[in-house]
Amino acid sequence: MAAAHSDTLTAPPASHSADTSNRIASGPATHVASLPTEEAVPLAAVLSRLPFRNAERLEFEVKYGFLGVGRAVLEVLGVESVRGAPTVHTLFIVNGGVRIYRVNDRYESWFDPRSFSTLRALQDIDEGSYERQRKFEIFPERKAFIENDKGEAPSVAQPLDEGSFIFFLRTIPLEVGKKYEFDRYFRPDRNPVTVEVVRKERVKVPAGSFDAIVVRPVIKTSGIFGEGGRAEVWFTDDSARVLVQLKSKLKFGSLNLYLRDRRSGAPWTEVP
């Protein structure tokens, strides 16, 4: 069922006052903090405070430049165990492009709902002539990761991948004019991840019209959130922080996502 034409989308309230990184940066316009582990808090209580729900599904219309040429899906698949630890499993798919340049990307992430640390990630990236399939096993407790069948490599204490990063953004305070930095991307040499909150505006998409907060996230990688893409992301200006629009510049033009339909999902009533 399509989302109603309204100012906000409803979801369980999220706490946007928690600190969200592990590095202190100087300067009045930069905020950096650290999300508490909350090991003593029951998992069900942790899940209930997330700004997204179990089985939430966002469907997007994809336009490459001015052409309507594809679709994207951002979905919460549920709670699954990774090496004995409960994780939230999410999926982000983008399919679109034109004849000379196509994007077919698939990101799957399994992250700890307490710290948002990624424990496992799958990336199947197909952008133009670039193709790469990767599986990452990530070990926050020893700051390490393994890519495919390669040897162990150093990581960070609270690692994020591209997929979990999208959901992590929904949990942090977003104040216009502030720039947030996080030493949390799982490949240490590509930190810091930066998030600049640039403005608030009302945006109209196929799902309706919404008051939104616009942010510019940058990860030192190629792809949608890469440095050259100057991506902008529109989240609803409410506790749910639903992604309603995304624009990124790729090699042969801009890739734009517009929310078309939303399934809000169900309460987190079943946990392993």
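For clarity, every value in this text was computed on a predicted model and none was experimentally measured. (Residues numbered from 1 in each chain as written. Predicted model: local features only at pLDDT ≥ 70, side-chain atom pairs only at ≥ 80, totals over all residues. Heavy atoms only, no water.)

Comments concerning the overall build of the protein chain
Assigned secondary structure in the protein chain consists of two helices and 15 strands. Within the span of the protein chain, comprising 272 residues, buried residues form 54% of the whole. Counted over contacts in the protein chain with a minimum sequence separation of 6, partners at least 24 positions apart contribute 52%. Within the structure as shown, the protein chain displays about 11800 Å² of accessible surface, and the carbon and sulfur contribution to it stands at 50%. (Helix = DSSP H or I, 4+ residues; strand = E, 2+ residues; numbered from the N terminus. Buried < 20%, exposed > 50% of the residue type's maximum accessible area, 1.4 Å probe, protein only. Contact = heavy atoms within 4.5 Å. Areas by Shrake-Rupley, 256 points an atom, 1.4 Å probe, with all protein chains shown as cover.)

Some remarks on the pattern of salt bridges
Inspection of the entire model under this criterion finds 20 salt bridges. Residues Glu56 and Arg170 are paired through a salt bridge, measuring 2.9 Å at the closest nitrogen-oxygen approach. Highlighted residues: Glu56 in the loop between α1 (43-48) and β2 (57-64) and Arg170 in the loop between α2 (162-169) and β10 (179-182), separated in sequence by 114 residues. By the burial criterion, Glu56 is buried, and Arg170 matches it. (Salt bridge = Lys/Arg side-chain N within 4 Å of Asp/Glu carboxyl O.)

A short note on α2
Three- or four-residue spacings in an α-helix give side chains the same orientation, since the helix completes a turn every 3.6 residues. A large share of α2 lies buried, amounting to eight of its eight residues. Of the residues making up α2, those classed as buried are Glu162, Gly163, Ser164, Phe165, Ile166, Phe167, Phe168 and Leu169. Two to three positions downstream of the cap, the backbone nitrogen of Gly163 sits 3.2 Å from a side-chain oxygen, assigning the N-cap of α2 to Asp161. (Polar contact = N/O pair within 3.5 Å; in protein donor to acceptor, adjacent residues only side chain to side chain.)

Topic: unusual backbone geometry
With an omega of 0°, the peptide bond between Asn191 and Pro192 qualifies as cis. Its place among the elements puts Pro192 in the loop between β10 and β11 (193-205). Of note in the backbone geometry, Phe116 takes a positive phi value of approximately 65° without being a glycine. Within the secondary structure layout, Phe116 lies in the loop between β5 (101-111) and β6 (118-127). The class for Phe116 is buried, based on a relative accessible area of 2%. Backbone geometry at Asn148 places phi at a positive 50°, although glycine is not the residue there.

A closer look at the packing of aromatic side chains
This structure, assessed with the given rule, holds 12 aromatic pairs. Their ring planes at 90° and their centres at 6.4 Å tell us that Phe52 and Phe116 sit as a pair that is edge-to-face. Of the two residues, Phe52 sits in the loop between α1 and β2 while Phe116 sits in the loop between β5 and β6, which places them 64 residues apart along the sequence. Taken as a pair, Phe52 and Phe116 share a single burial class, namely buried. Pairing Phe136 with Phe145 gives two aromatic rings, centres 6.0 Å apart and planes at 65°, and the pair type is edge-to-face. Three or more aromatic residues link up through ring pairs in this structure, and these residues are Phe52, Phe111, Phe116, Phe167, Phe168 and Phe182. Note that Arg142 overlies the ring of Phe139, its terminal NZ or CZ placed 4.0 Å from the centroid. (Phe/Tyr/Trp six-rings, centres within 6.5 Å; stacked < 30°, edge-to-face > 60°. Lys NZ or Arg CZ within 6 Å of the ring centre and 35° of its normal.)

Considering the side chain of Thr236
Structurally, Thr236 is set in strand β13 (residues 232-236). With a relative accessible area of 0%, Thr236 lands in the buried category. A distance of 3.4 Å separates a polar atom in the side chain of Thr236 from the backbone nitrogen of Arg241. Within the structure, the side chain of Thr236 is placed 2.8 Å from the backbone nitrogen of Val242, a separation counted as a polar contact.

A closer look at the nonpolar core
Judged by nonpolar contacts, the single largest core of 62 residues is most densely connected at Phe52, Leu243 and Leu257. Once residues within four sequence positions are removed from consideration, Leu243 is found in contact with Leu58, Phe60, Leu74, Ile166, Val233, Trp234, Phe235 and Leu259. (Core = buried A, V, L, I, M, F, W, Y, C linked by side-chain atoms within 4.5 Å.)

Let's talk about the side chain of Thr118
Along the polypeptide, Thr118 turns up in strand β6. Within polar-contact distance, the side chain of Thr118 engages the side chain of Asp161 at 2.9 Å. Here Ser164 takes part through its side chain, which lies 2.8 Å from a polar atom of the side chain of Thr118. Apart from the residues lying within four places of it in its own chain, the contact partners of Thr118 are Trp110, Phe111, Ile138, Pro140, Pro159, Leu160, Asp161 and Ser164.

Some remarks on the confidence of the model for the protein chain
Looking at the protein chain, pLDDT values average 82 and 78% of them are 70 or higher. Here residues 1-37 scores under 50 on pLDDT; set against residues more than four positions off or in separate chains, the count is 107 contacts. (pLDDT = per-residue confidence, 0-100.)

Regarding the environment of Gly177
If you trace the backbone, Gly177 turns up in the loop between α2 and β10. As for Gly177 and Val197, which are separated by 20 residues in sequence, their C-alpha atoms are 5.7 Å apart.

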